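Read off the chains here:
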Amino acid sequence: MIPEDHPRYRSLRARERLADCARAGIVALEGLSAHGRGEAFDYLLGEATTASARRAEETAAAMIMTATHPVISVNGNTAALGGGAIAALQQASGALVEVNLFHRTEERMQKITALLEEAGVAVLQGEAERLLPLSHDRALCLREGIYTADAVLVPLEDGDRCEALVAMGKRVITIDLNPLSRTAGAATLTVVDELTRALPTITAACAAMDEERAGGLMAAHDNQRLLREALDAIQERLKHALD
Ligand code: PTJ
């Protein structure tokens with residue numbers, strides 16, 4: 001039992017949730033190390049949404065709301081930490097939700113689908129086909145989902161699939177705390193923020209989005225600048241770490 005007044009309460013609760021979900025076969029064991037890497041970057045960012053990340057989240061909403069076939073791709077970590085937030089984003093945006101796993105087993109696919117449905121998500125289902133040019137199982141996706149999408153939100157993505165989706169002409173929006181990752185560099189838009197902070201902000205921005213604002217945000221978008229601003233925020237924190 002983690003006491004609510006513990007200074008690291010939020011972080012400890014997230015770890016506990018991921019560990020519980022790993023024991024239940026929802027989160028891959030590798031997902032725990034992926035989370036640890038994310039935590040380290042979040043520490044460096046001050047565990048808060050920077051102004052630049054907020055702009056990225058608003059731009060993400062613009063890209064989703066102006067797409068004709070937006071899809072949210074969900075893996076084990078995202079389902080464990082953000083099931084309810086995915087349901088809210090789906091409701092605000094009308095995006096389809098598809099489960100897509102790196103460490104894919106039929107059992108995990110079913111468990112993650114059940115967890116998402118319990119959280120209120122309508123999960124797209126069907127016969128997955130090997131439709132992406134990748135040697136691993138993230139190539140498996142639904143023809144009427146990720147394959148047809150013109151915008152894909154892929155939280156905690158791996159670089160290969162991100163590059164493949166961009167090469168297919170899709171807008172690829174990722175949420176990744178590591179501004180130096182291959183994914184961060186390859187995506188159309190990288191939200192350098194923690195998943196559970198980023199998703200509700202994107203949802204709120206979707207609900208408030210109009211065509212003119214969306215056009216302005218997308219015209220001003222520069223992903224390299226967003227990544228540089230994230231690194232600047234880290235450098236600034238380090239400069240004053242011992243003040
Ligand atoms: O459920 P599966 O089988 O699809 O596997 C999922 C994992 C996460 C194991 C898989 O996609 C993977 O190995 O991911 P990577 O390549 O380790 O990338 C995960 C990225 O997400 C890393 O750059 C982390 O810094 C970042 N990250 C981890 N936790 C969070 C995060 N970013 C935002 N919010 C988080 N909570």
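In the block above lies the structure referred to throughout.
First things first, this report covers the structure right here in the doc.

Calculation criteria
- Residues numbered from 1 in each chain as written.
- Predicted model: local features only at pLDDT ≥ 70, side-chain atom pairs only at ≥ 80, totals over all residues.
- Heavy atoms only, no water.
- Buried < 20%, exposed > 50% of the residue type's maximum accessible area, 1.4 Å probe, protein only.
- Helix = DSSP H or I, 4+ residues; strand = E, 2+ residues; numbered from the N terminus.
- Pairing = 2+ DSSP bridges.
- 1 Å grid on protein atoms, 1.4 Å probe; cavity = no way out; pocket = protein on both sides within 12 Å on 5 of 7 lines; lining within 4 Å.
- Points joined across faces, edges and corners; volume = space filled by probe spheres on them.
- Nonpolar A, V, L, I, M, F, W, Y, C, P; charged D, E, K, R; others polar.
- Expected span 1.5 Å × (residues − 1).
- Right-handed = clockwise from strand over helix to strand, strands pointing away.
- Polar contact = N/O pair within 3.5 Å; in protein donor to acceptor, adjacent residues only side chain to side chain.
- Contact = heavy atoms within 4.5 Å.

**Side note on the pairing of strand β1 (residues 70-74)**
Stage number 1. Buried residues dominate β1, accounting for five of its five residues.
Stage number 2. Of the two faces of β1, the one carrying P70, I72 and V74 and the one carrying V71 and S73 are both buried.
Stage number 3. Pairing of β1 with strand β5 (residues 151-155) involves three bridges; the strand directions are parallel. Residue pairing in the sheet places V71 in a bridge with V152 of β5.
Stage number 4. Here four bridges tie β1 to strand β2 (residues 96-99), and the two strands are oriented parallel to one another.

**What about empty space enclosed by the protein?**
Stage number 1. Enumeration over the complete set of coordinates arrives at two cavities of 30 Å³ or more.
Stage number 2. Quantified by volume, the largest cavity comes out at close to 40 Å³.
Stage number 3. Lining the largest cavity we find T50, S52, A53, A56, T190, V192, L226 and A230.
Stage number 4. Put simply, the parts of the chain that give the lining of the largest cavity at least two residues each are α3 (51-65) and α11 (223-239).
Stage number 5. Broken down by element, the lining of the largest cavity gets its largest block of residues, three residues, from α3.
Stage number 6. Here the second largest cavity defines a volume of roughly 30 Å³.
Stage number 7. Forming the walls of the second largest cavity are I64, P70, V71, I72, A95, A151, V152, L153 and I173.
Stage number 8. Within the lining of the second largest cavity, the residues separate by chemical class into nine nonpolar, no polar and no charged.

**Some words on α3**
Stage number 1. The end-to-end C-alpha distance of α3, which contains 15 residues, comes to 21 Å, matching closely the 21 Å that a straight helix rising 1.5 Å per residue would cover.
Stage number 2. If you check which residues of α3 are buried, you get S52, A53, A56, E57, T59, A60, A61, A62, M63 and I64.

**Observations concerning the layout of surface pockets**
Stage number 1. Volume-wise, the largest pocket comes out at about 1100 Å³.
Stage number 2. A34, H35, G38, N77 and L156 are the residues nearest the centre of the largest pocket, which is lined by 43 residues in total.
Stage number 3. Put simply, the parts of the chain that give the lining of the largest pocket at least two residues each are α1 (9-23), α2 (29-45), α4 (76-93), α8 (182-186) and α9 (195-208).
Stage number 4. The element contributing the most residues to the lining of the largest pocket is α2, with 10 residues.
Stage number 5. Grouping the amino acids of the lining of the largest pocket by side-chain chemistry returns 11 nonpolar, 14 polar and 18 charged.
Stage number 6. Lining the second largest pocket are 15 residues; nearest its centre among them are R104, M109, T113, Q125 and G126.
Stage number 7. Elements represented by at least two residues in the lining of the second largest pocket include exactly β2, α5 (106-118) and β4 (140-141).
Stage number 8. Among the elements that make up the lining of the second largest pocket, the one with the highest residue count is α5 (four residues).

**Here we look at the pairing of β5**
Each regular strand displays side chains that alternate between the two surfaces of the sheet.
Stage number 1. With five of its five residues buried, β5 lies for the most part within the structure.
Stage number 2. Of the two faces of β5, the one holding A151, L153 and P155 and the one holding V152 and V154 are both buried throughout.
Stage number 3. With five bridges joining them, β5 and strand β6 (residues 171-175) adopt parallel strand pairing. Bridged to V152 within β6 is V172.
Stage number 4. Tracing the backbone out of β5, into helix α7 (residues 159-167) and back to the parallel element β6 gives a crossover that is right-handed.

**Observations concerning the side chain of R108**
Stage number 1. For R108, the position within the fold is in helix α5.
Stage number 2. One polar contact links the side chain of R108 to the main-chain carbonyl oxygen of I26, over a distance of 2.9 Å.
Stage number 3. In contact with R108, other than residues within four places in its own chain, are G25, I26, V27, A28, G76, L101 and H103.

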